[in-house]
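Residues per chain are reported as follows:
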Amino acid sequence: MKKIIYIICTALALISVSVAFASNFANNPNNNNNMMNSNSNSFTTFTSNSSGYQRGKVSLNAANLSQPHILKIETSATQLNGKIIVNGKVVKNLSNQKTEIDLSRYLSVGEHKVQISASYSPGISPIKVEFNAPNSNVTQQTSGNGILNYQLEVSVRE
């Protein structure tokens, strides 16, 4: 029963994220339906599978790196243990219900991998990962198994 609830929660999270992304894409005034010539700084995709592993992808403009690029992890869980890793280096340990970190100092032109690995309890507690940068917003919420494995692929272009 717990596994069925987890699968349903994961599917609902994917549907809500997909709808939000489609709405952002359709309502973006910078979107001229030609991504090659778009003035938009962000392109985001989400994937998930039943193992509890989530992925996101975002494209950023290097001209905005002087502004904050905030990664936020929030949960109602009473226990949270984990880490944030940028390009293979641990940049922050997770132990509080709410954690924020400005990733702009870890980003430069090129490809970057931001990983969040954590365990939390109780496992049915929701946990939300949010990345806010100029002209970009990525949000993922999950619950159900007490484990968060999230990877955000960040592409910074000139």
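So, here's what we can say about the structure. (Residues numbered from 1 in each chain as written. Predicted model: local features only at pLDDT ≥ 70, side-chain atom pairs only at ≥ 80, totals over all residues. Heavy atoms only, no water.)

## Details of the environment of glutamate 130
Keep this limit in mind: Put simply, DSSP marks the helices as runs of H or I at least four residues long and the strands as runs of E at least two long, and each gets a number from the N terminus on. Throughout, exposure labels follow a simple rule: accessible area from a 1.4 Å probe, protein chains only, divided by the maximum for the residue type, with under 20% read as buried, over 50% as exposed, and the rest as partly exposed. Contacts are residue-level and defined by heavy atoms, with any inter-residue pair within 4.5 Å sufficient.
Its place among the elements puts glutamate 130 in strand β8 (residues 127-133). Using a relative accessible area of 12% as the deciding quantity, one classes glutamate 130 as buried. The sequence separation of glutamate 130 and isoleucine 70 amounts to 60 residues, and the corresponding C-alpha distance is 8.0 Å. Once residues lying within four places of it in the same chain are set aside, the contact partners of glutamate 130 are Ile70, Leu71, Lys72, Asn137, Val138 and Thr139.

## Things to note about the nonpolar core
How we decide: Each nonpolar core is a collection of buried residues, namely Ala, Val, Leu, Ile, Met, Phe, Trp, Tyr and Cys, held together in the definition by side-chain atoms within 4.5 Å.
Counting 28 residues, the largest nonpolar core has Leu71, Ile84, Ile116 and Phe131 as the members making the most contacts within it. Going through the elements one at a time, β2 (53-61), β3 (70-75), β4 (79-86), β5 (89-94), β7 (110-121), β8 and β10 (147-157) are the ones with two or more residues in this core. Counting residues per element, this core draws most heavily on β10, which supplies 5 residues. For leucine 71, the residues in contact, after removing those within four places along its chain, are Ile84, Thr99, Glu100, Ile101, Leu103, Val114, Ile116, Val129, Glu130 and Phe131.

## Quick notes on unusual backbone geometry
Geometrically, the link from serine 121 to proline 122 is a cis peptide bond, its omega value of 0° lying close to zero. Of note, proline 122 is situated in the loop between β7 and β8. Here the phi dihedral of asparagine 87 falls at roughly 50°; this positive angle occurs in a residue that is not glycine. Within the secondary structure layout, asparagine 87 lies in the loop between β4 and β5. We classify asparagine 87 as partly exposed; its relative accessible area is 42%. A positive phi angle, close to 65°, is found at asparagine 135, a residue other than glycine. Relative to the helices and strands, asparagine 135 resides in the loop between β8 and β9 (136-142). On the basis of relative accessibility, which here comes to 55%, the residue asparagine 135 falls in the exposed class.

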